[in-house]
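Observations on the three-dimensional arrangement
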Amino acid sequence: MGFRNSVQDAMSRGFRKIPIEKIRINANNFYAQTDFEEEAIDQMADLLEENGQDANILVYLDPREEDGKEYTLLSGERRFKAMKKLLDLGKSDGMIQAKIEEAPESPEDEMLRLIRGNAQRTKSKEIRCLEVKALQKVWEEMKRNGTAQGRFVEWAGKNIGVSARQIQNYLTLAQMDMVKAEEAKGQDPEAAPVESKDDEQLQAFLKDLSREVKEQSGGMISINKKMTISIKCGSLQEVMTAFDQLGFTQQVQQIQEYLNENEKGNE
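Described below are features of the structure shown in this document. (Residues numbered from 1 in each chain as written. Predicted model: local features only at pLDDT ≥ 70, side-chain atom pairs only at ≥ 80, totals over all residues. Heavy atoms only, no water.)

**Remarks on the overall build of the protein chain**
A count of helices and strands for the protein chain gives ten helices and seven strands. The buried share among the 267 residues of the protein chain stands at 39%. For the protein chain, the proportion of contacts with a sequence separation of at least 24, taken over those separated by at least 6, is 64%. (Helix = DSSP H or I, 4+ residues; strand = E, 2+ residues; numbered from the N terminus. Buried < 20%, exposed > 50% of the residue type's maximum accessible area, 1.4 Å probe, protein only. Contact = heavy atoms within 4.5 Å.)

And the structure:
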């Protein structure tokens, strides 16, 4: 960013009302990928019409000639869409209260700010998995530039407010979803090529990740170089523990009921 743009950016920051039509949705925002998003926007629009805007959206100055927009959203997409809906219905003056922040220094910085800006949002397991996958990309870039410290699961957990164990669970779920998708396409997950610009670096990462997973799971869970996860269990109790970590609540209950009935039969 040049000196002139830096000065312009600094002078533009703060709280103010800006035209809705000058704001673009952030193409990297995956939080709006829910089945009930349209319904949520309608509900938000009703609340805003009745009570007015209750919180600022977050944007940064990002003028582009191709679309004529001046700002890019960092958080508050649902609120922005609700206000735009009111504008389209003739129920808004076309202005929205926003906090204008400093422009991101890099794509990784922008992704981190997107994630942190959506910290209070209620999230499904699918969205959590997308969060963790996005954080993995940021972590890889941090490793490349030497700023990564500690373990990924702990760093990621601090960024989205969950435990390291939960991060590991979401990583496992994300991997299982990928395998299911490949199987649905008729592909062999074991034969699927590893897509990476730097395969050697990815293999080193997977090796470290596999070691961490084995240590945390007592050798129960492992990951191979083709990113296939294996779960080894020596008893139903271990199967139940693994399912519990993966969030398979119904199956955990079924196993527990079986164990309880079996225990009664042996009395």
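**Section: the side chain of N118**
For N118, the position within the fold is in the loop between α4 (107–117) and α5 (125–144). Only 2.8 Å separates the side chain of N118 from the backbone oxygen of L114, close enough to count as a polar contact. The contact partners of N118, leaving out residues within four places of it in the chain, are N29, Y31, L74, S75 and K123. (Polar contact = N/O pair within 3.5 Å; in protein donor to acceptor, adjacent residues only side chain to side chain.)

**Some details on the packing of α4 against helix α6 (residues 152–160)**
Where α4 meets α6, the axes come as close as 9 Å, and the angle between the chain directions of the two elements is 50 degrees. Between α4 and α6, the crossing angle belongs to the class labelled oblique. Contacts between α4 and α6 involve L112, I115 and R116 on the former and, on the latter, W155, N159 and I160. In the contact of α4 with α6, the residues fall into four nonpolar, one polar and one charged. (Axes fitted to C-alpha atoms, helices over the stretch in contact; angles between N-to-C directions. Parallel < 35°, antiparallel > 145°, perpendicular 65-115°, else oblique. Nonpolar A, V, L, I, M, F, W, Y, C, P; charged D, E, K, R; others polar.)

**Some words on the sheet that holds strand β1 (residues 14–19)**
Pairing within the open sheet is mixed, and its five strands lie in the order β1-β5-β3-β4-β2. Two strands lie at the open edges of the sheet, namely β1 and β2 (23–24), each paired on one side alone. Judged from the six bridges that link them, β1 and strand β5 (residues 95–101) form a sheet pairing that is antiparallel. Bridging across to β5, I18 finds its partner in I96. Relative to the sheet, α4 contacts β3 (57–61), β4 (71–75) and β5, its axis offset from that of β4 by approximately 50 degrees. (Pairing = 2+ DSSP bridges.)

**Quick word on the pairing of β4**
With five of five residues buried, β4 is to be regarded as a mostly interior element. The pairing of β2 with β4 spans two bridges and is parallel. Residue pairing in the sheet places I23 in a bridge with Y71 of β4. Relative to β4, β3 is paired through four bridges, and the arrangement is antiparallel.

**Notes on α5**
Between its terminal C-alpha atoms α5 stretches 29 Å, which fits the 28 Å expected from 20 residues at 1.5 Å a residue. Of all the residues in α5, the buried ones are I127, R128, C129, E131, V132, A134, L135, V138, W139, E140 and M142. Where α5 terminates, the next one or two residues include G146, which has phi positive at roughly 80 degrees. (Expected span 1.5 Å × (residues − 1).)

**Description of the pattern of salt bridges**
Counting across every chain of the model gives 17 salt bridges. K84 is paired through a salt bridge with D88; the nearest N and O atoms lie 3.7 Å apart. A residue pair is termed a helical-turn pair when its members lie 3 or 4 positions apart in one helix, as K84 and D88 do in helix α3 (residues 77–88) at four residues. Judged by its relative accessible area of 56%, D88 is exposed. Linking E141 and R144 is a salt bridge whose minimum nitrogen-to-oxygen distance equals 3.2 Å. With E141 and R144 both in helix α5 and three residues apart, the pair spans about one turn of that helix. In this structure E141 comes out as partly exposed when scored by relative accessible area, which is 24%. (Salt bridge = Lys/Arg side-chain N within 4 Å of Asp/Glu carboxyl O.)

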